[in-house]
Amino acid sequence: MLDKNGIAKRIAKEVQNGYYVNLGIGIPTLVANFVRDDIEVEFQSENGVLGMGPFPFEGEEDADIINAGKQTITTLPGASFFDSATSFSMIRGQHVHLTILGAMEVAENGDIANWKIPGKMVKGMGGAMDLVASAENIIVAMMHTNKHGDSKILKKCTLPLTGVGCVKKVVTNLAVLEVKNNAFHLIERAPGVSVEEIQKATEGTLVVEGNIPEMIL
Amino acid sequence: MINKKVNTIQEALQGVKSGMTLMLGGFGLCGIPENAITELVKLGVSDLTCISNNAGVDDFGLGLLLQQKQIKKMISSYVGENDEFERQMLSGELEVELTPQGTLAEKCRAAQAGFPAFYTPAGYGTEVAEGKETREFDGKMYVLESAYKADFSFVKAWKGDEAGNLIFKGTARNFNPCMCGAANITVAEVEELVPVGELDPNQIHIPGIFVQRIFQGNNYEKRIEQRTVRQRN
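Residues numbered from 1 in each chain as written. Chains lettered and ligands numbered in written order. Predicted model: local features only at pLDDT ≥ 70, side-chain atom pairs only at ≥ 80, totals over all residues. Heavy atoms only, no water.

Novice: Tell me about the interface of chain B and chain A, residues and numbers included.
Specialist: Residue-level contacts link 50 residues of chain B with 48 residues of chain A. Of the roughly 4200 Å² buried where chain B meets chain A, counting both sides, 58% is carbon and sulfur surface. On the chain B side of the interface with chain A, the three residues burying the most area are Thr171(B), Thr228(B) and Arg230(B), jointly 16% of the side's total. Here chain B is connected to chain A by six salt bridges. In this structure, Arg232(B) engages Glu60(A) in a salt bridge whose closest nitrogen and oxygen atoms are separated by 3.4 Å. Counting across the chain B and chain A interface gives 28 residue pairs in polar contact (both at pLDDT 80 or more). Taken together, the elements giving at least two residues each to the side of chain B that touches chain A come down to helix H4 (83-90), helix H5 (101-113) and helix H6 (176-179) of chain B. At six residues, the largest contribution of residues to the side of chain B that touches chain A is made by H5(B). Here the residues of the side of chain B that touches chain A are counted per class, giving 18 nonpolar, 18 polar and 14 charged. (Contact = heavy atoms within 4.5 Å. Buried area = accessible area lost by both parts, 1.4 Å probe. Salt bridge = Lys/Arg side-chain N within 4 Å of Asp/Glu carboxyl O. Polar contact = N/O pair within 3.5 Å; in protein donor to acceptor, adjacent residues only side chain to side chain. Helix = DSSP H or I, 4+ residues; strand = E, 2+ residues; numbered from the N terminus. Nonpolar A, V, L, I, M, F, W, Y, C, P; charged D, E, K, R; others polar.)

The following block contains the structure:
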């Protein structure tokens, strides 16, 4: 079974040379730490920066340079700043190649819910609806089940949707799943996790074809 | 040169009344018009509709207006960091319209650019699209969103000149340029106000035509929401 860093490490393998990538808040932010350093990748943050670097050293924080999670950041050579409309032109115009974000629920038809629990939590969608409606390539980083052990990989989302039919791939603490033809296709197992365990934790339709390899991290 | 400079914050906010719709720049607490917010609290205007990506934190930014219950309706994309906001929203005291961030930016930009509405894919099939016109283009579905209408727009820039030309710094730029010229009156506060001729015309982010009033801001706190650092090896 993977921890949050393990999920991020596995997703980092999906990042290819020449990609502009938008990372959501939480596990997705960790992906930047594991991208191979022999490829050229630029990270976009939707509040208005391309070419995000690591967190600043203590004492070098700049209140005017933050990411979408409101964390202080640095920029790398070649970075640029821009306004919010330009930022979402990059996203809506599909100039950003890959979007990695978290979710509360994902359904077998590619629907995603991650912005609201009616009556309990209403924080807002931020940029998530623009991102999922536009990106060609969306990977969801999430835990397979919630803290009560209930599956978050569902036949149908129960929470208000963020986007419809948009998720292509899900990486969880248990598995890598491809979302197509109204089903989750099991691609890889997390180290030490059996197909049966994944099946048990998955409420949505799970397609298992042939031998499912263990992830190589 | 048409001089946009005003000398006092009172002059800058002249005409702001209860019940008005205001745009306020900033992302989180980054690049917010701190001086204008402080003055809005002092003015005590109420029943405001505020268009701003976030709603501040409990004791800073738009949170200060929420504390005084001056806001009737908040239009934002993310409001997660504010307990008082959540309390007022759940109790029904505060009306909240959550809008996807890119749509919010574009609704400002559309107002600035003279477009009454535009189609966006964001929110299609979700509750955000309920009651809105949808249309298919090249096999993909889009939602019709209209431009905002606002009385005042309050923005914060790094440098500006007396002609109202603005230059922003870092990610403090965010929604500020999109809101310039998107309301009847745009008021810009700057960290450094310089005489005309001192800014390089090649480096101007927002031309002064989009700004009606500009003033030298004071005492910027620039509070950091998530101070995140790495260790030196």
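Novice: Lay out the confidence of the model for chain B in plain terms, naming residues and giving numbers.
Specialist: Counting all residues, the mean pLDDT for chain B is 97, and 100% of those residues have values of 70 or more. Confidence estimates for the predicted assembly give a pTM of 0.96 and an ipTM of 0.97. (pLDDT = per-residue confidence, 0-100.)

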